[in-house]
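# A closer look at the structure
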Amino acid sequence: MEQRIKKLAQKLGSILQQKGLYVSTVESCTGGGIAYAITSVSGSSSWFNQGYVTYSNEAKHSLVGVNENTLQNFGAVSQQTVEEMASGCREKSGADLAVSVSGIAGPTGGTDEKPVGTVWMGISRRDGKVISRRFLFDGDRDSVRMQTIICALEALIDSAGELS
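These notes cover the structure that comes with them.

What counts, and at which threshold
Residues numbered from 1 in each chain as written. Predicted model: local features only at pLDDT ≥ 70, side-chain atom pairs only at ≥ 80, totals over all residues. Heavy atoms only, no water. Core = buried A, V, L, I, M, F, W, Y, C linked by side-chain atoms within 4.5 Å. Buried < 20%, exposed > 50% of the residue type's maximum accessible area, 1.4 Å probe, protein only. Helix = DSSP H or I, 4+ residues; strand = E, 2+ residues; numbered from the N terminus. Contact = heavy atoms within 4.5 Å. Axes fitted to C-alpha atoms, helices over the stretch in contact; angles between N-to-C directions. Left-handed = near helix turned anticlockwise from the far one by under 90°. Nonpolar A, V, L, I, M, F, W, Y, C, P; charged D, E, K, R; others polar. Pairing = 2+ DSSP bridges. Arc of directions from axis to C-beta. Polar contact = N/O pair within 3.5 Å; in protein donor to acceptor, adjacent residues only side chain to side chain. 1 Å grid on protein atoms, 1.4 Å probe; cavity = no way out; pocket = protein on both sides within 12 Å on 5 of 7 lines; lining within 4 Å. Points joined across faces, edges and corners; volume = space filled by probe spheres on them. Expected span 1.5 Å × (residues − 1).

### With respect to the nonpolar core
If you look at the biggest cluster of nonpolar residues, it comprises 36 residues, and the most contacted ones within it are Leu12, Ile38 and Leu153. Among the elements that take part in this core, helix α6 (residues 141–162) stands out by supplying 10 residues, more than any other. Aside from chain neighbours lying at most four places away, what touches Ile38 is Ala9, Leu12, Val23, Thr25, Ser44, Trp47, Phe48, Leu153 and Leu156.

See below:
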């Protein structure tokens, strides 16, 4: 899995560098794992702007501007929250592209509505498009986090390919 992550990060870097674009990250359940994967690529400073780890609701609000009402009404693991996280991250960092993730990696914290393995991901692009997607991953905490990192890198590759 780690080799796959490395190849995806390299592919993302190649696309971003070729297009002169920058990416930023805002992460909850992955704890900075996406930024770590990206910055493992030599030369990533030419296409990676910055990363935020916003594990608490307060950090989501204070660092990237997630509305407190959004967090109260929908929770940290929701479409609304990851879309606000991604948009706030992109705006604050000045990046062309931003990814956000928030989820329940487990083994505790799950509910019937949001079981362990539930992850929401958001992508905000400089063209104003914001997309989000819900995932339900199997496996232990590390597996959920690794699967999230892979999906985030794949989503960034797809979105970067669409930007000019």
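### Quick notes on the packing of helix α3 (residues 57–64) against helix α5 (residues 79–93)
Across the interface, α3 lies against α5 with an axial gap of 9 Å and an inter-helix angle of 35 degrees. The two elements α3 and α5 cross, and the hand of that crossing is left-handed. Taken together, the residues of α5 that come into contact with α3 (itself represented by Lys60, Leu63 and Val64) are Thr81, Glu84, Met85, Gly88, Cys89 and Lys92. The residue inventory of the contact of α3 with α5, partitioned by class, reads 4 nonpolar, 2 polar and 3 charged.

### Brief notes about the side chain of Arg125
Position of Arg125 relative to the elements: it lies in strand β4 (residues 118–125). In contact with Arg125, not counting residues within four places along its chain, are Arg90, Asp96, Leu97, Ser159, Glu162 and Leu163.

### Section: the sheet that holds β4
One open sheet accounts for 5 strands, arranged β2-β1-β3-β4-β5; its pairing is mixed. At either end of the open sheet lies a strand with only one pairing partner, and these are β2 (48–53) and β5 (130–136). The mean angle between the axes of side-by-side strands here comes to 15 degrees, regardless of whether they run parallel or antiparallel. Direction of pairing for β4 relative to β5: antiparallel, over a ladder of 7 bridges.

### Here we look at the environment of Glu58
Within the element layout of this structure, Glu58 appears in helix α3. Linking Glu58 and Glu68, residues 10 residues apart in sequence, is a C-alpha distance of 8.5 Å.

### Some points on α3
An α-helical turn contains 3.6 residues, so any two residues separated by three or four positions project in the same direction. Of all the positions in α3, only Ala59, Lys60 and Val64 are classed as buried. Looking straight down α3, one finds its buried side chains confined to an arc of 105 degrees; they lie on one side. Of the surrounding secondary structure, the elements contacted by the buried residues of α3 are β1 (23–27), β2, α4 (68–74), α5 and β3 (97–103). Backbone geometry just after α3 places Gly65 at a positive phi near 80 degrees.

### Some details on the environment of Tyr55
As for its position among the elements, Tyr55 is in the loop between β2 and α3. Tyr55 has contacts with Glu27, Ser28, Cys29, Lys60 and Arg141, leaving out every residue within four places of it along the chain. Separated by 2.9 Å, the side chains of Tyr55 and Arg141 make a polar contact.

### Describing the layout of surface pockets
The probe, sized like a water molecule, is rolled over the atoms to show the empty space still left. In this structure, the largest pocket occupies an estimated 300 Å³ of space. When residues of the lining of the largest pocket are traced back to their parent elements, those giving at least two are α1 (2–19), α2 (33–39) and α6. When residues of the lining of the largest pocket are assigned to their parent elements, the largest contribution, 4 residues, is made by α1.

### Comments concerning α1
Taking 1.5 Å as the rise per residue, α1 with 18 residues should run 26 Å; its terminal C-alpha atoms sit 26 Å apart, in good agreement. Here α1 has its buried residues at Ile5, Leu8, Ala9, Leu12, Gly13, Ile15 and Leu16. Looking down the long axis of α1, one finds its buried residues gathered within 165 degrees of arc, a one-sided arrangement. What points out from α1, more than 90 degrees from its buried face, is the exposed set Gln3, Lys7, Gln17 and Gln18. Against the buried residues of α1 lie β1, α2, β3 and α6. Where α1 ends, the next residue or the one after it, Gly20, has phi of about 70 degrees, a positive value.

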